[in-house]
Amino acid sequence: MAALHSTAFCLGSVALSSRQELSFRRGNVKASAFSCPSSVSIPRLSFQSRALGGDGFPETKDSSLVVCFGEMLIDFVPTISGLSLADAPAFKKAPGGAPANVAVGIARLGGSSAFIGKVGEDEFGYMLSEILKENNVNSEGMRFDPGARTALAFVTLRSDGEREFMFYRNPSADMLLQEAELDLDLIRKAKIFHYGSISLITEPCKSAHIAAAKAAKDAGVVLSYDPNLRLPLWPSAENAREGILSIWDTADIIKISEEEISFLTKGEDPYDDAVVRKLCHPNHKLLLVTEGPEGCRYYTKEFNGRVKGLKVDAVDTTGAGDAFVAGILSQLAKDLSLLQNEDRLREALMFANACGALTVKERGAIPALPTREAVHNAILRSVG
C-alpha cells in the first residue's frame, strides 16, 4: 500500500459562499447558547488538568500532533453487499479499528498523528504496523503481544451499505495492553489525545486507557472521545452504557452518533435538542452529533447549529465516522481557536462531512480514507 499523505490543507483557502443557517427535515437546531443540566448519575473519573488559557483550553502547545489510543485490527468485508456472513462468497481484507482509522485519516489529510495500541506478534500485526508507517503515522507507541493474536472483525454489509459486526477477540492483543507499556512521553507531546470506549471493556487495557488519559490531561493535552459503541463486545447493554459514561465528563471534545444518543438516553429522541443537552457537561468544549448523509450538529457553550452533509452513493459505511473525526481533529490540531468562531468551525465541519462522505464510496475503512486533494475537490463541487 502506497503512502497517501499530503501537505496541510487550509480551510480558509476554500471559497465557501453559503453562510446561511441550515435546516434539517427532522427538526431544527437554533443557533443559541445553552446551559448544561446534569447527566446520568453514575460513578465517573475525575482528572485535574493544568491552568486554562483564555479560550478555556490548556495553554496552547506548539505541537499539532494527534495521538490516537486503542484498537487496530483486520476487517473482513464481503465482496458483495446484502448477504449474510454465511452466504458471502468472499471477503476483502482491510485494516481497521476506529482509533487507528482516525490516525491514518489525519495523516492522509496532511496532519501529524501517532497510534498507541497493541497487536499480535503475527503476520497481521506486522502488516498493520507497516500500514501505519506507510501512511506517515508515528507507530512508536505500538506494542506486539507474543501470546495473543491480532483482532479480527467480519463485517456484514447490508444492501444500503450499513454494517453488522462479528468479532474474534478471545482475547485479542489489543485487550492486553498494559499501563507499563504506554509511551507516556509521546502522549505528553500531543495537542490532542483521541480514544474510544472499546479499550474500557476489559483489563488490563482499561487501566492502561485510564492512565493514558490522565497523563494527557495532566500535561495539558486536549481529550477527544468517540464512544464508537459496539454492543456485542460488552457483557451487557447496561455495562456498556455505564462504561461509556464513566469517562464522559473528562473529555473536551465528544463525537457521538444518533444511535448512540438513543442508547445512552435509553431510547429518547436523538433529534430533540433537549435530549442532546442532557449529554453535555460543564467541561466539554465541543459536542458533535453525526447524522450520516444528513451531516452533523455541533454544540459549544456559545453557539450550536447544523452543517449539511454531502450526498454520495454509499458502498460501505465502515470508517465514515472515523473519517469525520479525522477531518475535524486535523483542523483543530492546527488551530483550537476555531471553537470560538462559528463561521470557521462550520467550514471545518463541512470539511469533516466531506471526509466521511468520500469514505463510504469504497469498501473498508483505512483503504477508503480520503486525501486532502479529494476532500478539497468534493467541497468545491458541492458549493460550485
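Our subject is the structure that appears above.
Values in this document were obtained by computation on a predicted structure and should not be read as measured data.

Along the backbone of the chain there are 10 helices and 13 strands. Considering the chain as a whole, with its 384 residues, one finds that 57% of them fall into the buried category. Pairs at least 24 residues apart make up 74% of the contacts formed inside the chain by residues separated by at least 6 positions. Surface summary for the chain: the accessible area is close to 15200 Å², and the carbon and sulfur share equals 50%.

Right, let's get into helix α10 (residues 372-383). For α10, which comprises 12 residues, the first-to-last C-alpha distance of 17 Å matches the rise-based estimate of 16 Å (1.5 Å per residue) to within 8%. Those residues of α10 not exposed but buried are R372, V375, A378 and I379. One side of α10 carries all its buried residues, which in axial view fall inside an arc of 130°. On its buried face, α10 sits against α1 (98-108) and α9 (342-359).

So, about the sheet that holds strand β6 (residues 152-157). Here 4 strands make up an open sheet; going across it, the order is β3-β2-β6-β7 and the pairing mixed. Each edge of the open sheet carries a strand with a single partner, namely β3 (91-96) and β7 (163-168). Across this sheet, the average inter-strand angle for adjacent strands is 25°, counted without regard to direction.

Attention now moves to the pairing of β6. In terms of residue burial, β6 counts as a mostly covered element, since 6 of its 6 residues are buried. Residues L152, F154 and T156 of β6 are buried on one face, and the alternating residues A153, V155 and L157, pointing to the opposite face, are buried as well.

Next up on the list: the packing of α9 against α10. Axis separation between α9 and α10 bottoms out at 9 Å; the angle between their running directions is 105°. Overall, the two elements α9 and α10 adopt an arrangement that is roughly perpendicular. Of α10, the residues touching α9 (which contributes M350, F351, A354, C355 and L358) are A374, V375, A378, I379 and V383. Its residues placed into classes, the contact of α9 with α10 shows 10 nonpolar, no polar and no charged.

Another aspect to go through is the nonpolar core. Ranked by size, the top nonpolar core spans 57 residues in total, and within it M72, I328, L329, L332 and L349 carry the most contacts. In terms of residue count, α9 provides more of this core than any other element does, 10 residues in total. Leaving out residues up to four positions away in the same chain, L329 has contacts with V66, V102, I106, I192, H194, S224 and I253. V67, I116, A208 and A211 belong to the second-largest nonpolar core, a separate cluster that totals 49 residues.

Residue position: D183 is located in the loop between β7 and α3 (184-189). One buried charged side chain, D183, makes no salt bridge at all; its nearest oppositely charged neighbour is R143, positioned 4.7 Å away. Here L186 takes part through its backbone nitrogen, which lies 3.0 Å from a polar atom of the side chain of D183. Ignoring anything within four residues of it in the chain, the contact list for D183 reads I116, E140, G141 and R143.

A word on helix α8 (residues 320-334). With 15 residues, α8 should reach 21 Å at 1.5 Å per residue; the first-to-last C-alpha distance of 22 Å fits that figure. Counting buried positions along α8 yields 13 of 15 residues, so the element is predominantly enclosed.

This part is about the packing of α1 against α8. Packing of α1 against α8 leaves a shortest axis separation of 8 Å and a crossing angle of 50°. Taken together, α1 and α8 sit at an angle that is classed as oblique. Crossing of α1 against α8: the hand is right-handed. Between α1, through A98, N101, V102, G105 and I106, and α8, the contact on the second element is made entirely by D322, V325, A326, L329 and S330. Split into classes, the residues belonging to the contact of α1 with α8 amount to 6 nonpolar, 3 polar and 1 charged.

Take the packing of aromatic side chains next. What characterises a pair of aromatic rings is the spacing of the ring centres plus the angle enclosed by the ring planes. Enumeration according to the criterion identifies 11 aromatic pairs in this entry. Residues F76 and F124 carry aromatic rings whose centres are separated by 6.2 Å and whose planes lie at 70° to one another, so their mutual orientation is edge-to-face. Here F76, found in strand β2 (residues 73-78), pairs with F124, found in helix α2 (residues 123-134); they are 48 residues apart in sequence, far enough to count as distant. Its guanidinium or amino end placed over the ring of F263, R241 lies 4.4 Å from that ring's centre, counting from NZ or CZ.

Take unusual backbone geometry next. Cis geometry marks the peptide bond from N170 to P171; its omega dihedral reads -15°. As for its placement among the helices and strands, P171 is situated in the loop between β7 and α3. The linkage connecting E203 with the following residue, P204, adopts the cis geometry, with an omega of 5°. As for its placement among the helices and strands, P204 is situated in the loop between β8 (192-195) and α4 (205-218). For N136, which is not glycine, the phi torsion reads 65° and is therefore positive. Looking at the element boundaries, N136 is found in the loop between α2 and β5 (138-145). One non-glycine residue, N228, lies in positive phi territory at about 50°.

Attention now moves to the pattern of salt bridges. Applying the stated rule across the entire model yields 17 salt bridges. We note a salt bridge from D145 to K118, for which the minimum N-O separation is 3.1 Å. With a gap of 27 residues between them, D145 in strand β5 and K118 in strand β4 (residues 112-120) connect regions that are remote in the sequence. Just as D145 is buried, K118 falls in that class too. Between R241 and E238 there is a salt bridge, with the nearest N and O atoms lying 2.7 Å from each other. Taken together, the residues span about one helical turn, with R241 and E238 both in helix α5 (residues 237-246) at a distance of 3 residues. Within the structure, one salt-bridge network assembled from shared partners comprises K118, D145 and E181.

Each value, and the rule that gives it
- Residues numbered from 1 in each chain as written.
- Predicted model: local features only at pLDDT ≥ 70, side-chain atom pairs only at ≥ 80, totals over all residues.
- Heavy atoms only, no water.
- Helix = DSSP H or I, 4+ residues; strand = E, 2+ residues; numbered from the N terminus.
- Buried < 20%, exposed > 50% of the residue type's maximum accessible area, 1.4 Å probe, protein only.
- Contact = heavy atoms within 4.5 Å.
- Areas by Shrake-Rupley, 256 points an atom, 1.4 Å probe, with all protein chains shown as cover.
- Expected span 1.5 Å × (residues − 1).
- Arc of directions from axis to C-beta.
- Pairing = 2+ DSSP bridges.
- Axes fitted to C-alpha atoms, helices over the stretch in contact; angles between N-to-C directions.
- Parallel < 35°, antiparallel > 145°, perpendicular 65-115°, else oblique.
- Nonpolar A, V, L, I, M, F, W, Y, C, P; charged D, E, K, R; others polar.
- Core = buried A, V, L, I, M, F, W, Y, C linked by side-chain atoms within 4.5 Å.
- Lys, Arg positive; Asp, Glu negative; His and termini not counted.
- Salt bridge = Lys/Arg side-chain N within 4 Å of Asp/Glu carboxyl O.
- Polar contact = N/O pair within 3.5 Å; in protein donor to acceptor, adjacent residues only side chain to side chain.
- Left-handed = near helix turned anticlockwise from the far one by under 90°.
- Phe/Tyr/Trp six-rings, centres within 6.5 Å; stacked < 30°, edge-to-face > 60°.
- Lys NZ or Arg CZ within 6 Å of the ring centre and 35° of its normal.

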